[in-house]
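Take a look at the letters that make up each chain.
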Amino acid sequence: MSFSDLFGSGEHLRNINHFASIVNLASVDGEINEKERVLLERFARKLDISQQEYKMVIKNPQEFPISAYNSSEKRLERLHDLFKIIFADNEIDHEEETLIKRYAIGLGFSNENAEKIIKRSIQIFSGQLNFEDYQYLLDK
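Chains are numbered independently. Their residues run from 1 in the order of the written sequence. Note on the predicted model: pLDDT of at least 70 is required for a residue's local features to be given, and 80 or more for side-chain atom pairs to be given and counted; whole-chain, interface and lining totals, by contrast, use all residues. Calculation of side-chain values draws on the structure's entire complement of heavy atoms; hydrogens and water are dropped beforehand.

(A) Quick peek at the overall build of the protein. Put simply, DSSP marks the helices as runs of H or I at least four residues long and the strands as runs of E at least two long, and each gets a number from the N terminus on. Helices and strands together make up the secondary structure of the protein, namely eight helices and zero strands. N-terminal to C-terminal, the α/β element order of the protein is α-α-α-α-α-α-α-α. We call a residue buried when its accessible area falls under 20% of the maximum for its residue type, exposed when it is over 50%, and partly exposed in between, using a 1.4 Å probe and counting protein chains only. In the protein, which comprises 140 residues, the proportion classed as buried is 35%. Only heavy atoms matter for contacts: two residues are in contact if any of them lie within 4.5 Å across the pair. Restricting to contacts in the protein with at least 6 residues of sequence separation, those with at least 24 account for 69%. Accessible area for the protein stands at about 8,700 Å²; split by element, carbon and sulfur atoms hold 49% of it. For the accessible areas, the method is Shrake-Rupley and the probe is 1.4 Å, while residue cover comes only from the protein chains on display.

(B) View of the nonpolar core. Here, nonpolar core refers to any group of buried Ala, Val, Leu, Ile, Met, Phe, Trp, Tyr and Cys residues whose side-chain atoms link them within 4.5 Å. Within the largest apolar cluster, 34 residues are counted, with the highest numbers of intra-cluster contacts made by Phe19, Leu40, Phe43, Leu79 and Leu82. Secondary-structure elements contributing two or more residues to this core are helix 2 (11–26), helix 3 (34–46), helix 4 (51–59), helix 5 (72–86), helix 6 (94–107) and helix 7 (111–125). With near-sequence residues (within four places) excluded, Phe19 lies in contact with Leu40, Phe43, Ala44, Leu47, Ile49, Tyr54 and Val57.

Pasting the structure below:
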(Lines give C-alpha, C1' and ligand atoms only; values in the text may rest on other atoms or scores of the structure.)
Protein backbone atom coordinates (compact mmCIF):
# COMPACT_ATOMS: atom_id res chain seq x y z
CA MET A 1 0.00 0.00 0.00
CA SER A 2 1.45 3.38 -1.00
CA PHE A 3 1.29 6.60 1.00
CA SER A 4 -1.16 8.05 -1.51
CA ASP A 5 -3.48 5.09 -0.82
CA LEU A 6 -3.31 5.85 2.88
CA PHE A 7 -3.89 9.58 2.62
CA GLY A 8 -6.15 9.93 -0.40
CA SER A 9 -5.38 12.40 -3.11
CA GLY A 10 -5.51 16.05 -3.98
CA GLU A 11 -5.29 18.82 -1.42
CA HIS A 12 -4.88 16.60 1.64
CA LEU A 13 -2.03 14.64 0.09
CA ARG A 14 -0.33 17.93 -0.74
CA ASN A 15 -0.79 18.97 2.89
CA ILE A 16 0.80 15.71 4.05
CA ASN A 17 3.77 16.31 1.77
CA HIS A 18 4.14 19.89 3.00
CA PHE A 19 3.99 18.71 6.58
CA ALA A 20 6.52 15.95 5.95
CA SER A 21 8.90 18.46 4.37
CA ILE A 22 8.57 20.68 7.43
CA VAL A 23 9.24 17.69 9.72
CA ASN A 24 12.32 16.81 7.65
CA LEU A 25 13.61 20.34 8.10
CA ALA A 26 12.91 20.37 11.82
CA SER A 27 14.72 17.07 12.28
CA VAL A 28 17.69 17.88 10.05
CA ASP A 29 19.81 18.97 13.02
CA GLY A 30 19.07 15.82 15.00
CA GLU A 31 16.21 15.10 17.34
CA ILE A 32 13.13 17.32 17.31
CA ASN A 33 13.17 19.47 20.44
CA GLU A 34 10.13 20.59 22.43
CA LYS A 35 9.94 24.01 20.78
CA GLU A 36 10.01 22.41 17.33
CA ARG A 37 7.42 19.83 18.42
CA VAL A 38 5.01 22.59 19.48
CA LEU A 39 5.51 24.31 16.12
CA LEU A 40 4.99 21.05 14.23
CA GLU A 41 1.76 20.39 16.13
CA ARG A 42 0.57 23.87 15.17
CA PHE A 43 1.40 23.22 11.50
CA ALA A 44 -0.35 19.84 11.68
CA ARG A 45 -3.54 21.53 12.92
CA LYS A 46 -3.32 24.22 10.21
CA LEU A 47 -2.84 21.52 7.57
CA ASP A 48 -5.66 19.32 8.93
CA ILE A 49 -3.26 16.45 9.62
CA SER A 50 -4.83 13.70 11.75
CA GLN A 51 -3.09 12.37 14.86
CA GLN A 52 -2.41 9.08 13.05
CA GLU A 53 -0.89 10.90 10.05
CA TYR A 54 1.13 13.11 12.40
CA LYS A 55 2.60 10.09 14.19
CA MET A 56 3.41 8.34 10.90
CA VAL A 57 5.23 11.36 9.47
CA ILE A 58 7.09 12.09 12.73
CA LYS A 59 8.18 8.46 12.96
CA ASN A 60 9.56 8.30 9.38
CA PRO A 61 10.10 11.81 7.99
CA GLN A 62 12.73 10.53 5.56
CA GLU A 63 9.96 8.63 3.75
CA PHE A 64 8.87 12.04 2.45
CA PRO A 65 11.88 13.77 0.89
CA ILE A 66 11.74 17.48 0.07
CA SER A 67 11.23 17.89 -3.64
CA ALA A 68 13.45 20.48 -5.27
CA TYR A 69 11.91 21.91 -8.42
CA ASN A 70 13.68 23.15 -11.52
CA SER A 71 10.90 25.62 -12.12
CA SER A 72 11.10 28.83 -10.12
CA GLU A 73 7.34 29.13 -10.50
CA LYS A 74 6.79 25.72 -8.85
CA ARG A 75 9.09 26.65 -5.95
CA LEU A 76 7.22 29.92 -5.48
CA GLU A 77 3.92 28.05 -5.59
CA ARG A 78 5.08 25.76 -2.75
CA LEU A 79 6.23 28.73 -0.69
CA HIS A 80 2.96 30.51 -1.41
CA ASP A 81 1.02 27.49 -0.16
CA LEU A 82 3.10 27.41 3.02
CA PHE A 83 2.66 31.15 3.59
CA LYS A 84 -1.12 30.72 3.29
CA ILE A 85 -0.92 28.04 5.96
CA ILE A 86 1.33 30.09 8.23
CA PHE A 87 -0.86 33.18 7.91
CA ALA A 88 -4.08 31.25 8.55
CA ASP A 89 -3.90 32.75 12.06
CA ASN A 90 -2.81 36.15 10.64
CA GLU A 91 0.66 36.06 12.17
CA ILE A 92 4.12 34.61 11.74
CA ASP A 93 6.52 34.09 14.60
CA HIS A 94 10.30 33.80 14.58
CA GLU A 95 10.27 29.98 14.63
CA GLU A 96 7.90 29.83 11.64
CA GLU A 97 10.06 32.33 9.77
CA THR A 98 13.21 30.30 10.45
CA LEU A 99 11.52 27.09 9.35
CA ILE A 100 10.14 28.59 6.14
CA LYS A 101 13.62 29.87 5.27
CA ARG A 102 15.00 26.36 5.66
CA TYR A 103 12.10 25.09 3.56
CA ALA A 104 12.85 27.64 0.80
CA ILE A 105 16.49 26.59 0.72
CA GLY A 106 15.39 22.94 0.65
CA LEU A 107 13.23 23.74 -2.37
CA GLY A 108 16.29 25.02 -4.19
CA PHE A 109 16.39 28.78 -3.54
CA SER A 110 19.75 30.29 -2.67
CA ASN A 111 20.15 31.69 0.84
CA GLU A 112 20.04 35.25 -0.51
CA ASN A 113 16.95 34.67 -2.67
CA ALA A 114 15.20 32.83 0.17
CA GLU A 115 15.69 35.78 2.53
CA LYS A 116 14.49 38.28 -0.09
CA ILE A 117 11.41 36.25 -1.04
CA ILE A 118 10.47 35.55 2.56
CA LYS A 119 10.83 39.19 3.61
CA ARG A 120 8.66 40.33 0.71
CA SER A 121 6.12 37.54 1.25
CA ILE A 122 5.74 38.50 4.90
CA GLN A 123 5.05 42.08 3.83
CA ILE A 124 2.45 40.90 1.31
CA PHE A 125 0.71 38.38 3.59
CA SER A 126 0.66 40.71 6.58
CA GLY A 127 -0.86 43.51 4.49
CA GLN A 128 2.17 45.81 4.60
CA LEU A 129 2.02 46.77 0.93
CA ASN A 130 3.13 50.23 -0.07
CA PHE A 131 0.86 52.27 -2.31
CA GLU A 132 2.75 51.50 -5.53
CA ASP A 133 2.45 47.75 -4.97
CA TYR A 134 -1.20 48.11 -4.01
CA GLN A 135 -1.90 50.09 -7.17
CA TYR A 136 0.05 47.62 -9.31
CA LEU A 137 -1.98 44.70 -7.97
CA LEU A 138 -5.25 46.53 -8.57
CA ASP A 139 -4.30 47.37 -12.14
CA LYS A 140 -3.27 43.80 -12.98
